[in-house]
Amino acid sequence: MEKEKQMKTMERRHFIRHPFSLPLAYKVIKPGLTNGREDMRSETVNVSVGGLLFQAKHPVEPNSTIAIKMPFEDRMFNVKAKVIRCVNNSETKFYDIAV
């Protein structure tokens, strides 16, 4: 029983997360809880090879597709990403959005 409990709480991520703050703009492509007409501004909390986490003022429905624009060094990255998780962070009063 204890081993079964440990397996449920095991980390499912495959890549190490790196705390890293970069400005970004995002727009919901698939209808969700946030209006998809204009770019919303935010910044990353952490990044990994498999995705990133950022905070937002408004929730975005999991499984929504978003377009992200993010500058890094002398380039602008434009990517589409699937929202995996959106959780209300009671400490920051923002939504933590994982893609």
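Each remark here, short or long, concerns the structure printed above.
First things first, this report covers the structure right here in the doc.

Cut-off values and rules
Residues numbered from 1 in each chain as written. Predicted model: local features only at pLDDT ≥ 70, side-chain atom pairs only at ≥ 80, totals over all residues. Heavy atoms only, no water. Helix = DSSP H or I, 4+ residues; strand = E, 2+ residues; numbered from the N terminus. Buried < 20%, exposed > 50% of the residue type's maximum accessible area, 1.4 Å probe, protein only. Contact = heavy atoms within 4.5 Å. Pairing = 2+ DSSP bridges. Polar contact = N/O pair within 3.5 Å; in protein donor to acceptor, adjacent residues only side chain to side chain.

Glancing now at the overall build of the protein chain. Counting its regular elements, the protein chain contains 1 helix and 8 strands. Tracing the protein chain from N to C terminus, the helices and strands come up as α-β-β-β-β-β-β-β-β. Counting all 99 residues of the protein chain, 28% fall into the buried class. Across the protein chain, every contact between residues at least 6 apart in sequence was considered, and the portion connecting residues at least 24 apart equals 52%.

Let us now look at the pairing of strand 8 (residues 94-98). Note that strand 4 (residues 51-56) and strand 8 share 4 bridges and pair antiparallel. From the neighbouring strand, F54 faces strand 8, where its bridge partner is I97. Two elements, strand 7 (residues 85-89) and strand 8, share 5 bridges in a ladder whose sense is antiparallel. The residue bridging N89 from the neighbouring strand is F94, located in strand 8.

Turning to the side chain of S42, a few remarks are in order. For S42, the position within the fold is in strand 3 (residues 40-48). We classify S42 as buried; its relative accessible area is 16%. A distance of 2.2 Å separates the side chain of S42 from the backbone oxygen of Q55, its partner in a polar contact. Excluding residues that lie within four positions of it along the chain, S42 makes contacts with L22, P23, L24, Y26, F54, Q55 and A56.

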